[in-house]
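# Close look at the chain arrangement
Take a look at the letters that make up each chain.
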Amino acid sequence: MNSTPQETPIAALPKAELHLHLEGSISPATAVAIAARHGVSFSAEEVISRYSYRDFAGFLEAFKWVTSYLREPADYELITEELAKELVRQNVVYAEVTVSAGIMLRRQQEIEANFAAICEAAQRARARGLHLQWIFDATRQFGAAAAMEVSRRAVQLQAGGIVALGMGGDELSFPASDFRGVYDMARGQGLRTVAHAGEVGGPDSIRDAIEILGAERIGHGIAAMRDRRLMDLLAERRIPLENCPTSNVCTGALARQLGKAEATVNEHPLAEFTRRGVRVVLSTDDPAMFHTRLLAEYEIATRLGLSPRDVARLARTSFEVSFLPPEEKRSFLQAFDAQAAALGLM
């Protein structure tokens, strides 16, 4: 399923990725290396076995397991460096990467030291043409008090390139109303806001993320496929959905939304969303844990019936709905448009 940069026109385009978890990018080889630093030995094959899930709960357990070996700043620096290399290989020039700050705090780690190490790796990536910014993630199942602490830390560390507060984890654990104050505080201090919703939860979860939390982008949002009025609302308000098709199949989220035991990527609602005027960006979510990469997600879009120009528009939308400052956004869009025109995709 993977592509090399020479195989498809989309590979030649500069790209942005907006829904990408740093800790979900840990490859089997990197997991082995990090664990070995801390005196734990296992094989890459064991990691691959753990990176296989029957449902969303199984994925959360695997995420908990692999992140348990991230114990010091050098570990975070390494995984950032490895992620940056992979993004550069795919001609990704900008990414808003989600950092599981809630998990760091849960494990009583020094979040400032970890983030400083992450930023050091990001600075080196900048020299290779990749601009990284950050979304601090509050893990929903840890509750509102823990989420508020994540929000406070994100505000304190904004100068390091933190652009938004997000919330992932178990979408069904606590209602959105518990986190209204958390989002209000972050927004009041200049952070943008995103939220996972409608991944395993229903359409009302998306509505709550919009109306209660004020989320500017929705992570996943595939439950909107079950509610035409909600799709119309998303289109009218121009609220983007961050779609991650491979992730939705691997976690069983798509099957859950379809009311089936299993689902294939050919049943993903991405194409329907675009037909109904919903803004969509393509992302990988946790690329190593779902055995995918951004170019593969774009290939899926073509299999779902989108034309090359449609796919190029998806790629452009990622820059449009990013949290870049206006002047930087214009610069990225101009570079994108020039390359798209040269490839006959505009």
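Located above this text is the structure these notes cover.
Residues numbered from 1 in each chain as written. Predicted model: local features only at pLDDT ≥ 70, side-chain atom pairs only at ≥ 80, totals over all residues. Heavy atoms only, no water.

On to the overall build of the protein. If you tally the helices and strands in the protein, you get 17 helices and eight strands. For 346 residues, the compact-globule estimate of 2.2 N^0.38 gives 20 Å, and the protein sits close to it at 19 Å. Principal-axis analysis of the C-alpha atoms places the extent of the protein at approximately 50 × 45 × 45 Å. Contacts in the protein between residues at least 24 apart in sequence constitute 75% of all its contacts with a sequence separation of at least 6. (Helix = DSSP H or I, 4+ residues; strand = E, 2+ residues; numbered from the N terminus. Rg over C-alpha atoms; globule rule 2.2 N^0.38 Å. Contact = heavy atoms within 4.5 Å.)

Moving on: the pattern of salt bridges. For the structure shown, the criterion picks out 25 salt bridges. A salt bridge links glutamate 77 to arginine 124, with the shortest nitrogen-to-oxygen separation between them at 3.0 Å. Of this pair, glutamate 77 sits in helix α5 (residues 73–89) while arginine 124 sits in helix α7 (residues 111–126), placing them 47 residues apart in sequence. Note on glutamate 77: relative accessible area 21%, which makes it partly exposed. Notably, a salt bridge pairs glutamate 81 with arginine 128, separated by 3.5 Å at the nearest N-O pair. With a gap of 47 residues between them, glutamate 81 in helix α5 and arginine 128 in the loop between α7 and β3 (131–139) connect regions that are remote in the sequence. (Salt bridge = Lys/Arg side-chain N within 4 Å of Asp/Glu carboxyl O. Buried < 20%, exposed > 50% of the residue type's maximum accessible area, 1.4 Å probe, protein only.)

As a further point, take the sheet that holds strand β6 (residues 217–220). Ordered by their spatial adjacency, eight strands build an open sheet running β1-β2-β3-β4-β5-β6-β7-β8, and the pairing between neighbours is parallel. The open sheet has two edge strands with one neighbour each: β1 (15–21) and β8 (280–282). In this sheet, adjacent strand axes meet at a mean angle of 25° when their direction is disregarded. Of the strand pairs in this sheet, β3 and strand β4 (residues 162–168) are connected by six bridges, and their pairing is parallel. Residue tryptophan 134 lies in a different strand from β4, and its bridge partner there is isoleucine 162. Helix-sheet contacts for helix α9 (residues 180–188) involve β4 and β5 (192–197), and the interaxial angle to β4 is about 170°. In the packing of helix α10 (residues 203–211) onto the sheet, the strands contacted are β5 and β6, and the crossing angle to β5 comes to about 170°. (Pairing = 2+ DSSP bridges. Axes fitted to C-alpha atoms, helices over the stretch in contact; angles between N-to-C directions.)

We now examine empty space enclosed by the protein. Applying the stated rule across the entire model yields two cavities of 30 Å³ or more. Together, 14 residues line the largest cavity, and His19, Thr98, Val194, His196 and Glu242 are the ones closest to its centre. Listing elements by their share of the lining of the largest cavity, those giving two or more residues are β1, β3, β4, β5 and β6. Of the residues belonging to the lining of the largest cavity, the class tally is six nonpolar, five polar and three charged. One number sums up the size of the second largest cavity: a volume of about 40 Å³. (1 Å grid on protein atoms, 1.4 Å probe; cavity = no way out; pocket = protein on both sides within 12 Å on 5 of 7 lines; lining within 4 Å. Points joined across faces, edges and corners; volume = space filled by probe spheres on them. Nonpolar A, V, L, I, M, F, W, Y, C, P; charged D, E, K, R; others polar.)

Right, let's get into the pairing of β1. Counting buried positions along β1 gives seven out of seven residues, so the element sits mostly inside the fold. As defined by bridge partners, β1 adjoins strand β2 (residues 92–99) across five bridges and the pair is classed as parallel. What sits directly across from lysine 15, in β2, is valine 92.

A rise of 1.5 Å per residue sets the reference length of helix α16 (residues 308–320), with its 13 residues, at 18 Å; its end C-alpha atoms lie 18 Å apart and thus fit the reference within 8%. All buried positions along α16 are accounted for by Val311, Ala312, Leu314, Ala315, Thr317, Ser318 and Phe319. (Expected span 1.5 Å × (residues − 1).)

Attention shifts here to the environment of threonine 302. Looking at where threonine 302 falls in the secondary structure, it is placed in helix α15 (residues 294–303). The sequence separation of threonine 302 and alanine 271 amounts to 31 residues, and the corresponding C-alpha distance is 9.4 Å. One polar contact links the side chain of threonine 302 to the main-chain carbonyl oxygen of glutamate 299, over a distance of 2.5 Å. (Polar contact = N/O pair within 3.5 Å; in protein donor to acceptor, adjacent residues only side chain to side chain.)

Right, let's talk about the state of the cysteines for a bit. Applying the stated criterion across every chain yields a total of zero disulfides. In this model cysteine 250 remains outside any disulfide bridge; the closest cysteine sulfur is found in cysteine 244, 11 Å from its own. (Disulfide = S-S within 2.5 Å.)

As enumerated under the stated definition, the model contains 13 aromatic pairs in all. Summarising the aromatic geometry, the rings of tyrosine 53 and phenylalanine 59 are spaced 5.6 Å apart at their centres and angled 85° between planes, so their arrangement reads as edge-to-face. A single burial state applies to tyrosine 53 and to phenylalanine 59, both of which are buried. Summarising the aromatic geometry, the rings of phenylalanine 115 and tryptophan 134 are spaced 6.3 Å apart at their centres and angled 85° between planes, so their arrangement reads as edge-to-face. (Phe/Tyr/Trp six-rings, centres within 6.5 Å; stacked < 30°, edge-to-face > 60°.)

Here the focus is the nonpolar core. Leu132, Trp134, Phe136, Ile206, Ile218 and Leu234 are the most contacted members of the largest nonpolar core, which totals 116 residues. If sequence neighbours within four positions are ignored, isoleucine 218 has contacts with Ala195, Ala197, Ile206, Ala209, Ile210, Ile239, Pro240, Leu241 and Glu242. Ile135, Val163, Ala164 and Phe323 belong to the second-largest nonpolar core, a separate cluster that totals five residues. (Core = buried A, V, L, I, M, F, W, Y, C linked by side-chain atoms within 4.5 Å.)

Another point: the layout of surface pockets. Considered as a void within the structure, the largest pocket measures approximately 410 Å³ in volume. Along the wall of the largest pocket there are 23 residues; nearest its centre are Leu60, Phe63, Ile103, Thr139 and Gln141. Of all the secondary structure elements, the ones that give two or more residues to the lining of the largest pocket are α4 (56–67), α6 (101–106) and β3. For the lining of the largest pocket, the leading source of residues is α4, giving seven residues. Residue composition of the lining of the largest pocket, by class: six nonpolar, nine polar and eight charged. Ranked by residue count, the leading element in the lining of the second largest pocket is α5, at five residues. Tallied by class, the residues present in the lining of the second largest pocket amount to six nonpolar, eight polar and five charged.

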